[in-house]
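Understanding the architecture of this molecule
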Amino acid sequence: MAQLDELYREVILDHYRNPRRRGSLTGDHLHADGNNPSCGDEFAIDVIVEDGVITDAAMQGQGCSISQASGSMMMDVIVGMSVADVADLTRKFKIMMTIEEGEDPVDPDRPGAALGDLEALQGVRKFPVRIKCADLAWATLEDALSQPVD
Ligand code: ZN
């Protein structure tokens with residue numbers, strides 16, 4: 001039960017129950033759909049990039065609490081970030097989700113290193129099948145940002 005407690009830490013449940021930036025954008029924006037067949041999770045994102053900075057974003061999705069909470073946490077932090085910083089954060093998140101327990105995922109002294117609420121998802125590492133759930137939103141965001149902008 002201790003492991004489950006960690007997996008469903010309060011912050012994860014809060015994001016699952018109150019997803020940030022749920023909805024869709026109008027006007028010109030990038031869009032990508034993602035899904036995780038192993039769990040049945042779906043995630044879609046609308047994002048506006050201006051001068052290399054994400055100025056607005058909205059998400060739609062349904063699925064397990066891990067997939068939706070990870071997406072909500074991601075939406076919470078990406079608006080206002082540059083595409084380069086988002087790529088860096090995505091890399092840190094992936095490292096956090098794959099390292100062995102006990103290793104420090106990021107250097108705390110490095111500026112911008114903190115993952116904030118996202119660190120709550122570290123508990124998911126104990127459930128390898130669920131890592132894909134946590135990764136879904138990030139893969140979908142990468143997909144959206146990889147599209148050519150006119
Ligand atoms: Zn899932």
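This write-up is about the structure you can find in this document. These numbers come from a predicted model, not from an experiment. (Residues numbered from 1 in each chain as written. Predicted model: local features only at pLDDT ≥ 70, side-chain atom pairs only at ≥ 80, totals over all residues. Heavy atoms only, no water.)

Take the nonpolar core next. By size, the foremost hydrophobic cluster in this structure holds 35 residues, and its most contacted members are Ile45, Met74, Ile78 and Leu121. Every element with two or more residues in this core is listed here: β1 (30-36), β2 (41-50), β3 (53-62), α3 (65-78), α4 (83-98) and α5 (128-145). Discounting residues that sit within four places of it in the chain, isoleucine 78 has contacts with Ile45, Ile54, Ala57, Val86 and Leu141. (Core = buried A, V, L, I, M, F, W, Y, C linked by side-chain atoms within 4.5 Å. Buried < 20%, exposed > 50% of the residue type's maximum accessible area, 1.4 Å probe, protein only. Helix = DSSP H or I, 4+ residues; strand = E, 2+ residues; numbered from the N terminus. Contact = heavy atoms within 4.5 Å.)

Turning our eyes to something else, we now look at the packing of helix α2 (residues 10-17) against α3. Running from amino to carboxyl end, α2 crosses α3 at an angle of 85°, the nearest separation of the two axes being 8 Å. Classified by the angle their axes make, α2 and α3 are roughly perpendicular. Across the interface between the two elements, Val11, Ile12, His15 and Tyr16 from α2 touch Ser65, Ile66, Gln68, Ala69, Ser72, Met73 and Asp76 from α3. Considering only residue class, the contact of α2 with α3 consists of six nonpolar, four polar and one charged. (Axes fitted to C-alpha atoms, helices over the stretch in contact; angles between N-to-C directions. Parallel < 35°, antiparallel > 145°, perpendicular 65-115°, else oblique. Nonpolar A, V, L, I, M, F, W, Y, C, P; charged D, E, K, R; others polar.)

Below, the discussion takes up the packing of α3 against α5. Orientation of α3 relative to α5, taken along the N-to-C sense of each, is 35°, at an axis distance of 8 Å. Crossing handedness for the pair α3 and α5: right-handed. Contacts between α3 and α5 involve Ile66, Ser67, Ser70, Gly71, Met74 and Ile78 on the former and, on the latter, Arg130, Cys133, Ala134, Ala137, Trp138 and Leu141. Here the contact of α3 with α5 is composed, by residue class, of eight nonpolar, three polar and one charged. (Left-handed = near helix turned anticlockwise from the far one by under 90°.)

Quick look at the pattern of salt bridges now. Enumeration according to the criterion identifies six salt bridges in this entry. Here arginine 20 and aspartate 76 are joined by a salt bridge, their closest N and O atoms 3.9 Å apart. One end of the pair, arginine 20, is in the loop between α2 and β1; the other, aspartate 76, is in helix α3, and 56 residues separate them in sequence. Look at arginine 20 and you get partly exposed, because its relative accessible area is 22%. Taking the relative accessible area as the measure of exposure, aspartate 76 reaches 41% and is therefore partly exposed. One salt-bridge network, in which partners are shared between bridges, spans Asp14, Arg20 and Asp76. (Salt bridge = Lys/Arg side-chain N within 4 Å of Asp/Glu carboxyl O.)

This part is about the coordination of the zinc ion. Only Cys39 (SG), Asp41 (OD), Asp41 (OD), Cys64 (SG) and Cys133 (SG) from the protein reach the zinc ion as donors, at distances of 2.1 to 2.8 Å. All donor residues of the zinc ion come from one chain, and their arrangement in sequence is C-x1-D-x22-C-x68-C. Of the two residues, cysteine 39 sits in the loop between β1 and β2 while cysteine 133 sits in helix α5, which places them 94 residues apart along the sequence. Looking at cysteine 39, the relative accessible area reads 35%, which means it is partly exposed. (Donors = N, O, S within 2.8 Å, 3.2 Å for Na, K, Ca; no water.)

Further remarks concern the sheet that holds β2. Overall, antiparallel pairing links the three strands, which are arranged β1-β2-β3 in an open sheet. Here the strands that pair on one side only, and so sit at the sheet edges, are β1 and β3. Sheet twist, expressed as the average angle between the axes of neighbouring strands with direction ignored, equals 20°. Here β1 runs beside β2; their pairing, made up of seven bridges, is antiparallel. Bridging from a neighbouring strand, alanine 32 pairs with isoleucine 45 of β2. Across the sheet, α3 lies against β2 and β3, angled at about 165° from β3, the strand it touches most. (Pairing = 2+ DSSP bridges.)

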